[in-house]
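Each chain is listed here by its residues.
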Amino acid sequence: MSKIVVLISGRGSNMENLVCSDIPGKFVLVASNNPNADGLKKAKNMGIRTAVVDHKTFSSRQDFDLALAKKLEEYEPDLILLAGFMRVLSKKFLSRFENKVLNIHPSLLPAFPGQHSHKQAIKKGVRIHGCTVHFVTPSLDAGPIIVQSAIPVNPEDDEKSLAKKVLEQEHQIYPIAVKWFLEK
């Protein structure tokens, strides 16, 4: 059975959704760079091991990435899922897990990479927004796309309402992409 690690930084809603989905793998670890991430409590309550590698305790991004990689290697993951993980992973980290790291991003990439995608979408006046599951590469939110889901942006939408609609789509497409990956 494939071993899956999930990286989070906050509430863990995508992590929780993935764990509760019919995914043909075993969730062996939920790790966070944030010791106060609510998702860690959720993972523990679901019987999944947790770990914290607090980026604030490292003097450099390279040192953090090395420590995180060492922690994950203990679990020999077949797949690493970023689920609201708010750190950019270095080329050195990614080379240790080549073609094994997926991310869910709240925009239709290549539009609006990075943070605040809903704010950017509203500001630009787009009529279609959505989310993307992609392979993680050293270039921010630029890896090969696996699947996307689009939603209409209504005139009354604001960042909060748009975020809610996009999150619903994230919860639908991320498990699909994970299944596709694990089924090769």
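Scroll up to find the structure this text is about.
Just so you know, these numbers come straight off a predicted model, no measurement behind them.

Analysis parameters
Residues numbered from 1 in each chain as written. Predicted model: local features only at pLDDT ≥ 70, side-chain atom pairs only at ≥ 80, totals over all residues. Heavy atoms only, no water. Helix = DSSP H or I, 4+ residues; strand = E, 2+ residues; numbered from the N terminus. Buried < 20%, exposed > 50% of the residue type's maximum accessible area, 1.4 Å probe, protein only. 1 Å grid on protein atoms, 1.4 Å probe; cavity = no way out; pocket = protein on both sides within 12 Å on 5 of 7 lines; lining within 4 Å. Points joined across faces, edges and corners; volume = space filled by probe spheres on them. Nonpolar A, V, L, I, M, F, W, Y, C, P; charged D, E, K, R; others polar. Arc of directions from axis to C-beta. Contact = heavy atoms within 4.5 Å. Pairing = 2+ DSSP bridges. Right-handed = clockwise from strand over helix to strand, strands pointing away.

## Some words on unusual backbone geometry
1) Next: Cis geometry is found at the peptide bond from Leu109 to Pro110, where omega equals 15°.
2) Next: Examined against the element boundaries, Pro110 turns out to sit in the loop between strand 5 (101-105) and helix 5 (117-124).
3) Next: With phi around 60°, Phe112 is a residue other than glycine that occupies positive phi space.
4) Next: Position of Phe112 relative to the elements: it lies in the loop between strand 5 and helix 5.
5) Next: The residue His116 is not glycine, and still its phi comes out positive at about 65°.
6) Next: By the element assignment, His116 lies in the loop between strand 5 and helix 5.
7) Next: Exposure remark for His116: the relative accessible area of 54% places this residue in the exposed category.

## Quick word on the layout of surface pockets
1) Next: Approximately 940 Å³ is the volume found for the largest pocket.
2) Next: In terms of lining residues, the largest pocket is bounded by 36 residues, among which Gly84, Phe85, Met86, Ile104 and Pro106 are the most central.
3) Next: Elements with a minimum of two residues in the lining of the largest pocket: helix 1 (13-20), strand 5, helix 5 and helix 6 (159-182).
4) Next: Taken together, the residues of the lining of the largest pocket break down into 13 nonpolar, 16 polar and 7 charged.
5) Next: If you add up the space inside the second largest pocket, you get close to 180 Å³.
6) Next: In this structure, the second largest pocket is lined by Lys91, Leu94, Ser95, Phe97, Glu98, Asn99, Val101, Phe135, Val136, Thr137, Pro138 and Pro144.
7) Next: Class assignment for the residues of the lining of the second largest pocket results in 7 nonpolar, 3 polar and 2 charged.

## Examining helix 5
1) Next: Inspection of helix 5 places Ser117, His118 and Ala121 among the buried residues, and these make up the whole buried set. Buried residues of helix 5, viewed axially, fall in a sector of 100°; they line one side.
2) Next: Check the buried side of helix 5 and you find it contacts strand 5, strand 6 (128-135) and helix 6.
3) Next: The positive-phi residue at the C-terminal boundary of helix 5 is Gly125, with phi of around 75°.

## Considering the pairing of strand 1 (residues 2-8)
1) Next: Burial analysis of strand 1 places 6 of its 7 residues in the buried class, the great majority of the element.
2) Next: Sheet topology places strand 1 next to strand 2 (residues 25-32); 7 bridges connect them, and they run parallel. Note that in strand 2 the partner of Ile4 across the bridge is Phe27.
3) Next: For the handedness criterion, the β-α-β arrangement of strand 1, helix 1 and strand 2 is classed as right-handed.

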